[in-house]
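# Inside the fold
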Amino acid sequence: MHIRLLPNLLAQDCKKWPQDTVKKILKYGRGSATLLHSHIPTRQNCVTPVDFPVLLTLRHFSVTACLVPICSLYGAAVTTVEGVGSMKTRLHPCRIAKSHGTQCGFCTPGMVMSMYTLLRNHPQPSEEQLLEALGGNLCRCAGYRPILASGKTFCLESNGCQQKGTGKCCLDLGENDSSSLGRKSDICTELFVKEEFQPLDPTQELIFPPELLRMTENPEKRTLTFHGERVTWISPGTFKDLLELKAKHPEAPLILGNTSLGPAMRSKGCLYPILLSPARISELNVVSKTNDGLTIGAGCSLAQVKDILAERVSELPEEKTQTYRALLKHLKSLASQQIRNMASLGGHIISRHSYSDLNPILAVGNATLNLTSEEGTRRIPLSEHFLAGLASADLKPEEILESVYIPHSQKWEFVSAFRQAQCQQNALPDVNAGMRVLFKEGTDIIEDLSITYGGVGAATVSAHKSCQQLLGRQWDELMLDEACRRLLDEVSLPGWAPGGRVEFKRTLVVSFFFKFYLQVLQELKKLIKPFPVPVNRFLSALEDFPGTVPQGVQRYQSVDSHQPLQDPVGRPVMHLSGLKHATGEAEFCDDIPMVDKELCMALVTSTRAYAKIISVDLSEALEIPGVVDVITAKDIPGINGTKDDKLLAVDEVLCVGQIICAVVAETDVQAKRAIEKIKITYEELEPIIFTIEDAIKHNSFLCPEKKLEQGNIEEAFEKVDQIVEGEVHVGGQEHFYMETQRVLVIPKTEDKELDIYVSTQDPAHVQKTVSSTLNIPINRITCHVKRVGGGFGGKIGRPAVFGAIAAVGALKTGHPIRLVLDREDDMLITGGRHPLFGKYKVGFMNNGRIKALDIECFINGGCTLDDSELVTEFLILKLENAYKIRNLRFRGRACLTNLPSNTAFRGFGFPQGTLVTESCITAVAAKCGLPPEKVREKNMYRTVDKTIYKQAFNPESLIRCWNECLDVSSFHNRRKQAEEFNKKNYWKKRGVAVIPMKFSVGFAATSYHQAAALVHIYTDGSVLVTHGGNELGQGIHTKMLQVASRELKIPMSHLHICETSTAMVPNTIATAASVGADINGKAVQNACQILLKRLEPIIKKNPEGTWEEWIEAAFEQRISLSATGYFRGYKAFMDWEKGEGDPFPYYVYGAACSEVEIDCLTGAHKKIRTDIVMDACCSLNPAIDIGQIEGAFIQGMGLYTTEELKYSPEGVLYSRGPDEYKIPTISDVPEEFNVSLLPSSQTPLTIYSSKGLGESGMFLGSSVFFAITDAVAAARKERDIAEDFTVKSPATPEWVRMACADRFTEMVYICPLPLEPPSHPTPWAIFK
Ligand SMILES: Cc1cc2nc3c(=O)[nH]c(=O)nc-3n(C[C@H](O)[C@H](O)[C@H](O)COP(=O)(O)OP(=O)(O)OC[C@H]3O[C@@H](n4cnc5c(N)ncnc54)[C@H](O)[C@@H]3O)c2cc1C
Ligand code: FES
């Protein structure tokens, strides 16, 4: 059977899905979404006892592209971004580009498709629908706010910033009028002009292909079979055939949404030779409403189940819909809309994942399963035995689940659902629960009770014994106490339990029950009068944090009114590639079409943390069809990396994930299969070191200590009122750029030349490394970078390794080699931000004035040096942040451990190190009984001064940012309000924090600030600009054309940038350290000024002439129309011997204020508001700069709140994908998010007095961290728990919950864990 594919209405016959189309479909799945899938469902019968209407409606829904089996698309029309609009034809009015919602653009097609699907279904959606539609898409650059802003332009109610739900803009309300920012008439708050947008015209959309429509009207009843290389897909047309097939192939799974089978096949290597697809079986989509319950077909998607339940809830009295409402609650947060659109109810139940959100509720709700086979039908309860997989309570192999019956609840019965995950949306639960209680009519005596938990064992666990023991008891405090003890005893979680977080999970077990207890009390109060209930203060435990659509204002200074209209500098110009990002036409490295004779490469990595390689057996791998070769260190003709950092391992391995060799094959799949067949034997070496603590113990360091000192610290400690010592632990961070590492190496036929297309921040480094690896001169190698799908420092050093290994493959085989890392390998191999352990000792006066500060930091460098020494230096240089402390000592060391080497990451040590300084300030404030902001203010630089390394600077802008931030955020009022709130609420606490920032920009060496550009003017007047910076999404190319446009006095439309190429601009510096636009801007300016000078005589002679005429004349007069621009670099140096220097060209100042609310019972938090004020001086492009600030802030927030790396005790990274590693999603954006650029600020040094803002916003994310710790401190104070000066980042729900210690955490510590068997002596995970 062949599949006939109609993507975007382009019908084509094909035996095999064309490689190109598969790639395109996956491309639109970037950012974990999304393509539009439209089909007419198999006649969905909505059955009630009275009528049987037949629905035949077209269903458009978005799906996660990488999980969609191609055969499942039979009968469906697929729309990709290409079908939505293009630069060549019409641009669909998805307004994401114009509202600056694209940075690197890698996630944009997915965003567009989610939004497009929403608009197909709801041309004027509500903001909640918009939030839900985008909830499953990840973006690592843009911080989501501008993406939402573009979507909001389609929403009905969108009008102004709608602060606080008033429907009006805060500026109209005159709020914040006291702020000088708000009053200034030259302050703009619009980054795009809504009026320019084309209206949405649904009549212009693609129609559902008539051919498919006809197919649905006359459905195919034949069984369709698709034969693949290893798998056969069988899709029966009738229920009878399905049952027959299931009897014939009892081991074959039914495939519906593929959201459970797909991931298992992909990452666990499960292979099912036969898959049965019941997609065309209408019997599985039956919905039947009866007087006592609801039967839902097992084939209904979870999205459909949500709609069905919502409808039933609206029809029935509340008492009957308790179970339905509990299910609905979880259906809102279960995965994302894309997954809910695909996943089926049957697949969900049968998968029996221990984390299942629905099974615990279905179990307590007494749901039953209707099973069918050729033998007939039968019913089984969805009981604890079924969930535990007991054969006696399970389906027989030949049976299928036809439907699920969920009974109505009754009066005196209450059902609730609970769930806690690492973050609100898109995260598997740590623990969830379903709870149901039935009372004897008219009393609070328990007649029936069921409680089940997910996430606490290998399957959903029922607390049956505890429930039985509580029957007949009154619903009171005594019962609560006993229930908690029983539950902890019954739901045992050993210390080595998979997933770890054991104490946290045990605490949730009882905290959830406490919430249920309170909820039920409230309900009983309505039924039994009088009924004693707790005072209001304790009822705060009941409120959840509903997802809200973020609002906010962005303020920036408008350009001078005399600036010519044509001059784009300082204006919010759209990203040059924005429209191409949105249409999917922007080409990334792996979008380059397959080249002739191209081969694929896959990497073989070490499975041991520190071991001798005894043997490598390639024989089996080489026998796999399609495998061409295996590249080992012996194949390297030149240098194999450095002595301590080899490209390919020789003799020994230093970490899990170190590259040993690389398979070259005809296809990616063959290369990956071959990897499994390579047999490597190891001999373990010792000592194996993972943590900083172990490294200190073993004196295992990568480089000497770095130290800065001023004043006399010992003497100062003797004269202070108080001294505090504390520890700070900051976890590492994965770059999680959306585009993983990738490279295409094309060998040329002549002179050993190579063309390398690579996703890198430093093409010159790739070029140099390939040259030394292959032993050929640099001039034979050209590296091309069109654009990079996010780098954040992770694509400075590593791409050279991948480029060099691929180049060895290309040289050896003579074929072009493509190497594309999947997410798992990327995360395993590449390392990220250095985890940090800091110790401080601070001496201060009782008024909060700090007199002496001694900080010692250790970072986990991993197994090679990489940038660890530099990171240590920067960390030490930046530690003082905004504070003038006379007596200081800062020391730092990089630890050598057996983990993958950590590397550069946005902020380069500053976000980790400065958390130590700020934690120390918070500790001082706590000891002095002062608010932290007072201590911050007291110790801040105030006048022109010198830093610890004796660099002079003026802190005026720092003070202005601080004051403005306090002002625009109404900080003092809100601090009071938070205190009031905290007094009234025992289980919820609010925290506020304001953090100042002095961020030093650039490298500590002049040579690293040099830059070059090449500008060609062609005879038609068009101009090609090339410079040494790489487009990573930060808008450097846009800014460079703004500079060239101003200098040459021509519109940006005359200018073009093609790519960054080592052949056009040689010897470039990595695009990093926030100075890319500064230094390359200077070079572009220089080149343009040279050209303009040459043109001056011609212009003078013909001042009324046009640009084109002047260029023509110049050509005639043999004036060179090409110029190299050069910038020799900002002066920067650091003398570590003396501890003095001028290492940084300038500073970026800023301040951020955040407010949060925490749930003390679960550890969850919501971000109420963030205000950022940043000193951008004269922004080259406020839209881009605000985007950088917001994006970095959100990434910082991830670092400090959700992003947590977990390693096995053997050093294997567990968190290797979006399931386990949680970067912020759209629902993590603060409910109110305001960003202001400080007006009237100048810096004479830089191009047009602008500043580089790429990294600084990252640290401001810590304002959320300190707001959370502020809230935790409020809870601890109320509970009379001693201050704890051990700080741990990220502030995960686990940390928050355990820090808000109470009677429930106490119970967990009192009730002992089961003893660990000797076979499991180690915990599940270690921390770096
Ligand atoms: C990114 C992601 C996030 C997720 N997040 C969550 C979450 O937050 N909470 C949560 O609870 N779950 C979550 N899940 C899991 C998800 O709910 C399940 O994977 C899904 O419900 C399974 O349904 P499916 O139709 O895709 O099953 P499939 O993968 O198609 O099938 C799964 C299994 O069910 C069997 N099966 C299916 N239908 C029948 C039938 N009618 N009769 C007999 N056997 C049948 C199949 O044989 C197969 O073994 C997530 C999954 C993904 C991929
Ligand atoms: S713009 Fe979203 S990932 Fe880069």
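Since the model is a prediction, treat every value here as computed from it, not as a measurement.

Take the overall build of the protein chain next. Each helix and strand in the protein chain was counted, giving 41 helices and 50 strands. Whereas a compact globule of 1328 residues would reach a radius of gyration of roughly 34 Å, the protein chain reaches 31 Å, a difference of no more than 12%. With respect to the principal axes defined by its C-alpha atoms, the protein chain has extents near 95 × 80 × 70 Å. Across the 1328 residues in the protein chain, those meeting the buried criterion constitute 63%. Relative to all contacts within the protein chain whose residues are 6 or more apart in sequence, the contacts with residues 24 or more apart total 79%.

Another point: unusual backbone geometry. Note the cis peptide between Lys 529 and Pro 530, where omega equals -10°. Looking at the secondary structure, you find Pro 530 in the loop between helix H19 (502–527) and helix H20 (536–539). Across the junction of Glu 686 and Pro 687, the peptide omega takes the value -5°, indicating a cis bond. In this structure, Pro 687 sits in the loop between strand E27 (679–684) and helix H24 (692–697). For Asn 258, which is not a glycine, the phi torsion comes out positive at approximately 65°. On the secondary structure map, Asn 258 appears in the loop between helix H9 (239–248) and helix H10 (261–267).

On to a negative patch on the surface, then. On the surface, a cluster of negative charge is made up of Asp 1020, Glu 1108, Glu 1109, Glu 1112 and Glu 1116. Secondary-structure assignment places Glu 1116 in helix H36 (residues 1107–1116). For Glu 1116, a relative accessible area of 59% translates into the label exposed.

Before going further, it helps to examine helix H32 (residues 956–968). End to end, H32 covers 18 Å across 13 residues, agreeing with the expected 18 Å (1.5 Å per residue, within 8%). All of the buried residues along H32 are Ser 957, Leu 958, Ile 959, Cys 961, Trp 962, Glu 964, Cys 965, Leu 966 and Val 968. Directly after H32, the chain includes Ser 970, whose backbone phi takes a positive value near 50°.

Moving on to the sheet that holds strand E24 (residues 627–631). Each strand in a sheet pairs with its neighbour through backbone hydrogen bonds, running either in the same direction (parallel) or in the opposite one (antiparallel). One open sheet accounts for 8 strands, arranged E24-E26-E22-E33-E30-E31-E32-E43; its pairing is mixed. This sheet does not close on itself; its edge strands, each paired only once, are E24 and strand E43 (1060–1061). Pairing geometry for strand E31 (residues 754–758) and strand E32 (residues 781–785), over 4 bridges, is parallel. Note on E32: the bridge partner recorded for Tyr 757 is His 784. Contacts between helix H26 (residues 763–774) and the sheet are confined to E31, E32 and E43, with E32 contributing the most and set at about 150° to the helix.

Moving on: the UniProt feature "binding site: substrate" (unreviewed entry) in the protein chain. Under the local residue numbering, the UniProt record ascribes the feature "binding site: substrate" (unreviewed entry) to Phe 908. Along the chain, Phe 908 falls in the loop between strand E36 (887–896) and helix H30 (910–928). Residue Phe 908 is classed as buried on the basis of its relative accessible area of 14%. Excluding residues that lie within four positions of it along the chain, Phe 908 makes contacts with Arg 833, Asp 867, Leu 870, Val 871, Phe 874, Leu 875 and Glu 1255.

One pass over the structure, following the stated rule, counts 34 aromatic pairs. When the centroid spacing of 4.9 Å and the interplanar angle of 40° are considered together, the rings of Phe 514 and Phe 1304 count as tilted. On the criterion of sequence distance, the pair formed by Phe 514 in helix H19 and Phe 1304 in helix H41 (residues 1303–1310) is long-range, its members being 790 residues apart. Sitting over the face of the ring of Phe 538, Arg 537 holds its NZ or CZ atom 5.3 Å from the ring centroid. Above the plane of the ring of Trp 1136 lies Lys 706, whose end atom (NZ or CZ) is 5.7 Å from the centre.

In a soluble, globular protein the nonpolar side chains are often hidden away together inside. If you look at the biggest cluster of nonpolar residues, it comprises 258 residues, and the most contacted ones within it are Tyr 453, Trp 475, Phe 513 and Tyr 840. For this core, the element with the highest residue contribution is H19, accounting for 14 residues. If we ignore the near neighbours within four places in the chain, the residues touching Tyr 453 are Val 431, Asn 432, Ala 433, Met 435, Ala 459, Thr 460, Val 461, Leu 487, Val 491, Val 509 and Phe 513. Counting residues in hydrophobic clusters, the runner-up holds 45 residues, among them Cys 300, Leu 371, Ile 380 and Val 404.

Right, let's talk about the environment of Phe 504 for a bit. Here Phe 504 lies in helix H19. In this structure the C-alpha to C-alpha distance between Phe 504 and Thr 1162, which are 658 residues apart in sequence, comes to 8.9 Å. Apart from residues no more than four positions distant in its own chain, Phe 504 is found in contact with Gln 420, Asp 430, Thr 1162, Pro 1293, Glu 1294, Arg 1297 and Met 1298.

Let's shift gears to the pairing of strand E22 (residues 599–605). Along E22, 7 of the 7 residues are buried, which leaves the element largely enclosed by surrounding structure. Of the strand pairs in this sheet, E22 and strand E33 (residues 817–820) are connected by 3 bridges, and their pairing is parallel. Bridged to Leu 599 within E33 is Ile 817. With 6 bridges joining them, E22 and strand E26 (residues 659–665) adopt antiparallel strand pairing. What sits directly across from Cys 600, in E26, is Ala 665.

Turning to the sheet that holds E27, a few remarks are in order. In space, the 3 strands of this open sheet follow the order E25-E23-E27, with antiparallel pairing throughout. Bordering the open sheet on either side are strand E25 (652–653) and E27, each of which pairs with just one other strand. Where strand E23 (residues 611–617) meets E27, 6 bridges bridge the pair, whose relative direction is antiparallel. Bridged to Lys 612 within E27 is Glu 683.

Feature annotation in UniProt assigns "domain: FAD-binding PCMH-type" (unreviewed entry) to the following positions: residues 226–411. Taken as a whole, residues 226–411 contains 35% helix and 20% strand, while its terminal C-alpha atoms sit 52 Å from one another.

With that settled, the discussion passes to the pattern of salt bridges. Counted under the stated rule, the structure contains 71 salt bridges. A salt bridge links Asp 394 to Arg 352; the shortest N-O distance between them is 3.0 Å. Taken together, the positions of Asp 394 in the loop between helix H16 (384–387) and strand E16 (400–407) and Arg 352 in the loop between helix H14 (345–351) and helix H15 (359–364) put the pair 42 residues apart, joining distant regions of the chain. Each member of the pair, Asp 394 as well as Arg 352, carries the same accessibility label: buried. Measuring nitrogen to oxygen at the nearest pair gives 3.1 Å for the salt bridge that ties Asp 635 to Lys 812. Highlighted residues: Asp 635 in the loop between E24 and E25 and Lys 812 in helix H27 (residues 798–813), separated in sequence by 177 residues. Owing to a relative accessible area of 38%, Lys 812 belongs among the partly exposed residues under this scheme. Three or more residues are tied together by salt bridges with common partners; here these are Lys 707, Glu 709, Glu 714, Asp 854, Arg 889 and Arg 891.

To continue, consider the site of ligand 1. Leu 256, Thr 259, Leu 261, Ser 344 and Asp 357 are the nearest of the 30 residues found near ligand 1. Between ligand 1 and Leu 254 there is a distance of 2.9 Å, counted from an oxygen atom to a backbone nitrogen or oxygen. In the model, an oxygen atom of ligand 1 is placed 2.9 Å from a nitrogen or oxygen of the Arg 419 side chain. Contributions of two or more residues to the shell around ligand 1 are made by H14 and E16. If one sorts the elements of the shell around ligand 1 by residue count, H14 sits on top with 5 residues. A per-class count over the shell around ligand 1 returns 18 nonpolar, 10 polar and 2 charged.

Right, let's talk about the packing of helix H3 (residues 108–121) against helix H4 (residues 127–134) for a bit. At their nearest, the axes of H3 and H4 sit 9 Å apart, and the two run at 140° to each other. The orientation of H3 with respect to H4, classified from their angle, is oblique. At the point where H3 passes H4, the crossing takes the right-handed sense. Facing H3, whose interface residues are Met 111, Ser 114, Met 115 and Leu 118, H4 presents Gln 129, Leu 130, Ala 133 and Leu 134. Residue composition of the contact of H3 with H4, grouped by class: 6 nonpolar, 2 polar and no charged.

Below, the discussion takes up the confidence of the model for the protein chain. Low pLDDT means the predicted atomic positions in that stretch should not be read closely. Here the protein chain shows a mean pLDDT of 92. Residues at 70 or above account for 92%. Confidence drops under pLDDT 50 across residues 9–33; counting only partners more than four residues distant or on other chains, this segment forms 69 contacts.

All right, on to the packing of helix H18 (residues 477–490) against H19 then. In a pair of packed helices, the angle between the axes and the distance between the axes together describe the arrangement. At a minimum axis separation of 10 Å, H18 and H19 run at an interaxial angle of 155°. It follows that H18 is roughly antiparallel to H19 by the angle criterion. As for how H18 packs across H19, the hand of that crossing is right-handed. Two secondary-structure elements touch here, H18 through Glu 477, Met 479, Leu 480, Ala 483, Cys 484, Leu 487 and Leu 488 and H19 through Arg 506, Val 509, Val 510, Phe 513, Phe 514 and Tyr 517. Broken down by class, the residue content of the contact of H18 with H19 amounts to 11 nonpolar, no polar and 2 charged.

Calculation rules
- Residues numbered from 1 in each chain as written.
- Chains lettered and ligands numbered in written order.
- Predicted model: local features only at pLDDT ≥ 70, side-chain atom pairs only at ≥ 80, totals over all residues.
- Heavy atoms only, no water.
- Helix = DSSP H or I, 4+ residues; strand = E, 2+ residues; numbered from the N terminus.
- Rg over C-alpha atoms; globule rule 2.2 N^0.38 Å.
- Buried < 20%, exposed > 50% of the residue type's maximum accessible area, 1.4 Å probe, protein only.
- Contact = heavy atoms within 4.5 Å.
- Patch = residues over 30% accessible without salt bridge, like charges linked within 9 Å, V, L, I, M, F, W, Y side chains within 5 Å.
- Areas by Shrake-Rupley, 256 points an atom, 1.4 Å probe, with all protein chains shown as cover.
- Salt bridge = Lys/Arg side-chain N within 4 Å of Asp/Glu carboxyl O.
- Lys, Arg positive; Asp, Glu negative; His and termini not counted.
- Charge placed at Lys NZ, Arg CZ, Asp CG, Glu CD.
- Expected span 1.5 Å × (residues − 1).
- Pairing = 2+ DSSP bridges.
- Axes fitted to C-alpha atoms, helices over the stretch in contact; angles between N-to-C directions.
- UniProt positions renumbered as here; feature names shortened; annotations may be inferred.
- Phe/Tyr/Trp six-rings, centres within 6.5 Å; stacked < 30°, edge-to-face > 60°.
- Lys NZ or Arg CZ within 6 Å of the ring centre and 35° of its normal.
- Core = buried A, V, L, I, M, F, W, Y, C linked by side-chain atoms within 4.5 Å.
- Near = heavy atom within 4 Å.
- Polar contact = N/O pair within 3.5 Å; in protein donor to acceptor, adjacent residues only side chain to side chain.
- Nonpolar A, V, L, I, M, F, W, Y, C, P; charged D, E, K, R; others polar.
- Parallel < 35°, antiparallel > 145°, perpendicular 65-115°, else oblique.
- Left-handed = near helix turned anticlockwise from the far one by under 90°.
- pLDDT = per-residue confidence, 0-100.

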